[in-house]
Amino acid sequence: MKKTIFTILCLCGLLSATFAQQTINSVSSQTKETNWVQRKNYLFLTLLEESKSLRLQLETDEVLQKLTTQKSSQLSEALKSCASKPACLVESLRFSEDEIKTVSLRLSQLCTKGSLLENLVKQSLAPSLAYGKLDNQDVNALLQKAWTQDARGVNWTIGVYLGGQKPNYPLIDSIAFDITKKGYYQLLGDLTRAVQATVSGSKLFFLPSLSSALFALEINEREQITDYEPMASGVNKPVVDRLKTIAWNKYPYSLILVPGAGPDVKDMPMSAEGMMRCRVAAVRYFEGKAPLIVVSGGKVHPYKTPYNEAIEMKKYMVEKLHVPANAILVEPHARHTTTNMRNTARLIFQYGIPADKPCITSTSVSQSQYIHELNLDKRCEKELGYVPYRKGKRISETEAEFYPLIESMMLNSLEPMDP
């Protein structure tokens, strides 16, 4: 297994063109046994847990050990005193602001020159680009950002999927339970006891809250980020195997991106709009515009649908439109147009597709305008913290160029189903 830990991310923060036709170590280098939900959402905490020497240091540190003891007592007390109030139990499972500040200070003190923490940042965290570029931050600043982002991400997940906090997209991402029901308080109590049982043999300070977030996603059936992983050796293997044989200079574009359009009708695998998008993209593929098509979209519409947009689009294009299966890359996790663009950019860097060559979005007139002329870039800034692509020229009413940007590798801790 390759040494780079978070694996859809790249090795350094150079310009996109630098990465043209260079394969980046990918998440797919992990195994089927990898805890995909934890690793993809909370990389820093995962790295701390996996490093035996660093874990031992953290477990025996007096300051951090005290936090572990306090959290254990806090959970036990909450079970006794919360008096059927779900919000009270939920709050006990989260990191408090004081805990976040205490850990930040202590990690900063432990991150000295040549320390285990400094080595972790330089050798694993910084190369991942999951929390930004090291050349724009010193080691300690990147460490602080990683810890704070993961801690607030854990709190967000607990707040949404245990506390009923409003997610960014309530119609498709909301909690699965009625938090006003008496039975829900009982469930929260059982979850808290399950957390206690799970972490009882460890003194690692972040495990109670981390476990709470992971259990929250599990009971809400919100672990879609694990779907089809590892992709490079599974659903995308036919395309990955073909990439090295492609003569890229024969094509004006590297790929055609088709964003999903999920149906609003229950038990419908694919919408009519999705079919029309696929048809236009297939025409462009057979015209020789690009050697690849990317179909992008997860299990999105309607709420808790069992159907995956990308999988259904590929099936339709292969069976109905006769596009070769090894010409269609699946991106099965995006839940919004912002992440259609970001996740496709990630695949480009991950699989070594030329990043200095333009790509095409092929979609409806309204969505194409939204991507190219209207406010998608502003929405990306708001929800992701950056824009994962650069615009090219408009080609037609439904098609426009874009270029992937390396910023796409940064994680979004507030979207646990597609960080």
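Here goes a summary of the coordinates provided.

What counts as what
- Residues numbered from 1 in each chain as written.
- Predicted model: local features only at pLDDT ≥ 70, side-chain atom pairs only at ≥ 80, totals over all residues.
- Heavy atoms only, no water.
- Salt bridge = Lys/Arg side-chain N within 4 Å of Asp/Glu carboxyl O.
- Helix = DSSP H or I, 4+ residues; strand = E, 2+ residues; numbered from the N terminus.
- Buried < 20%, exposed > 50% of the residue type's maximum accessible area, 1.4 Å probe, protein only.
- Phe/Tyr/Trp six-rings, centres within 6.5 Å; stacked < 30°, edge-to-face > 60°.
- Axes fitted to C-alpha atoms, helices over the stretch in contact; angles between N-to-C directions.
- Parallel < 35°, antiparallel > 145°, perpendicular 65-115°, else oblique.
- Contact = heavy atoms within 4.5 Å.
- Nonpolar A, V, L, I, M, F, W, Y, C, P; charged D, E, K, R; others polar.
- Disulfide = S-S within 2.5 Å.
- Core = buried A, V, L, I, M, F, W, Y, C linked by side-chain atoms within 4.5 Å.
- Pairing = 2+ DSSP bridges.
- Polar contact = N/O pair within 3.5 Å; in protein donor to acceptor, adjacent residues only side chain to side chain.

Some details on the pattern of salt bridges
Two side chains of opposite charge can pair, provided their charged atoms sit close to one another.
Right, on to step 1. Here the structure, examined in full by the defined rule, presents 22 salt bridges.
Right, on to step 2. In this structure, the salt-bridge partner of Arg-277 is Glu-273, at a minimum N-O distance of 3.0 Å. Highlighted residues: Arg-277 and Glu-273, both in helix α13 (residues 272-286), separated by four residues, approximately one helical turn.
Right, on to step 3. Judged by its relative accessible area of 9%, Arg-277 falls in the buried class.
Right, on to step 4. Each of Glu-49, Arg-55 and Glu-59 takes part in a single network of salt bridges with overlapping partners.

Here's the deal with the packing of aromatic side chains
Right, on to step 1. Applying the stated criterion across every chain yields a total of five aromatic pairs.
Right, on to step 2. Seen from their ring centres, Trp-147 and Phe-205 are 5.7 Å apart, and the 65° between their planes marks the pair as edge-to-face. Linking Trp-147 in helix α8 (residues 139-161) with Phe-205 in the loop between α10 (182-199) and α11 (207-219), this pair joins segments that are 58 residues apart in sequence.
Right, on to step 3. Judged by relative accessible area, Phe-205 falls into the buried class, the value being 5%.
Right, on to step 4. Aromatic pair Phe-205 and Phe-206: ring centres 5.2 Å apart, planes at 90°, arrangement edge-to-face.

A short note on the packing of helix α15 (residues 337-351) against helix α17 (residues 376-383)
Right, on to step 1. Following both chains from N to C, one finds α15 and α17 inclined at 80°, their axes separated by 9 Å at the closest point. As judged from the angle between their axes, α15 and α17 are roughly perpendicular. Residues Thr-337, Thr-338 and Met-341 of α15 touch α17, and the partners they reach there are Leu-376, Arg-379, Cys-380 and Glu-383.
Right, on to step 2. Among the residues forming the contact of α15 with α17, the class breakdown is three nonpolar, two polar and two charged.

Topic: the packing of helix α7 (residues 116-128) against α8
Right, on to step 1. At a minimum axis distance of 10 Å, the contact between α7 and α8 shows a crossing angle of 75°. Judged by the inter-axis angle, α7 sits roughly perpendicular to α8. Residue-level contacts link Leu-117, Glu-118, Val-121, Lys-122, Leu-125 and Ala-126 of α7 to Val-139, Leu-142, Leu-143 and Ala-146 of α8.
Right, on to step 2. Along the lines of polarity and charge, the residues of the contact of α7 with α8 split into eight nonpolar, no polar and two charged.

Points about unusual backbone geometry
Right, on to step 1. At the junction of Glu-229 and Pro-230, the peptide bond is cis and its omega measures out at -5° in the coordinates.
Right, on to step 2. A cis amide bond, omega -10°, links His-301 with the succeeding residue Pro-302.
Right, on to step 3. Along the polypeptide, Pro-302 turns up in the loop between β2 (293-296) and α14 (309-319).
Right, on to step 4. Phi is positive for Glu-221, which is not a glycine, with a value near 55°.
Right, on to step 5. On the basis of relative accessible area, Glu-221 is assigned to the exposed category, the value being 55%.

Concerning the state of the cysteines
Right, on to step 1. Going through the model one piece at a time under the given rule, you end up with one disulfide.
Right, on to step 2. Each sulfur of the disulfide joining Cys-82 and Cys-88 lies 2.0 Å from the other. For the disulfide bridge between Cys-82 and Cys-88, the dihedral angle about the S-S bond is near -65°, and by the sign convention the bridge is left-handed.
Right, on to step 3. Here Cys-380 stays free of any disulfide, with the sulfur of Cys-359 as its closest cysteine sulfur at 15 Å.

A look at the nonpolar core
Right, on to step 1. Core analysis: the largest hydrophobic core is formed by 62 residues, its most contacted members being Phe-44 and Trp-147.
Right, on to step 2. With 11 residues, the top contributor of residues to this core is α8.
Right, on to step 3. Discounting chain neighbours no more than four positions away, the residues touching Phe-44 are Leu-107, Leu-120, Leu-125, Tyr-131, Leu-143, Ala-146, Trp-147 and Asp-150.
Right, on to step 4. In terms of nonpolar packing, the next biggest core, distinct from the first, is built from 31 residues, Trp-248, Leu-257, Val-294 and Tyr-351 among them.

Describing the pairing of strand β5 (residues 389-396)
One face of the sheet, then the other: side chains in a regular strand alternate in exactly this way.
Right, on to step 1. For β5 and strand β6 (residues 399-404), the ladder comprises five bridges, and the chain directions are antiparallel. Residue pairing across strands places Ser-396 opposite Glu-399, the latter belonging to β6.
Right, on to step 2. Hairpin connection, β5 to β6: the antiparallel pair is bridged by two residues.

Section: α14
Right, on to step 1. Looking only at α14, the buried set comprises Glu-309, Ala-310, Glu-312, Met-313, Lys-314, Tyr-316 and Met-317.
Right, on to step 2. Close packing links the buried residues of α14 with β1 (256-259), α13, β2 and β3 (328-331).
Right, on to step 3. Where α14 begins, the side chain of Asn-308 points an oxygen toward the backbone nitrogen of Ala-310, at a separation of 3.0 Å.

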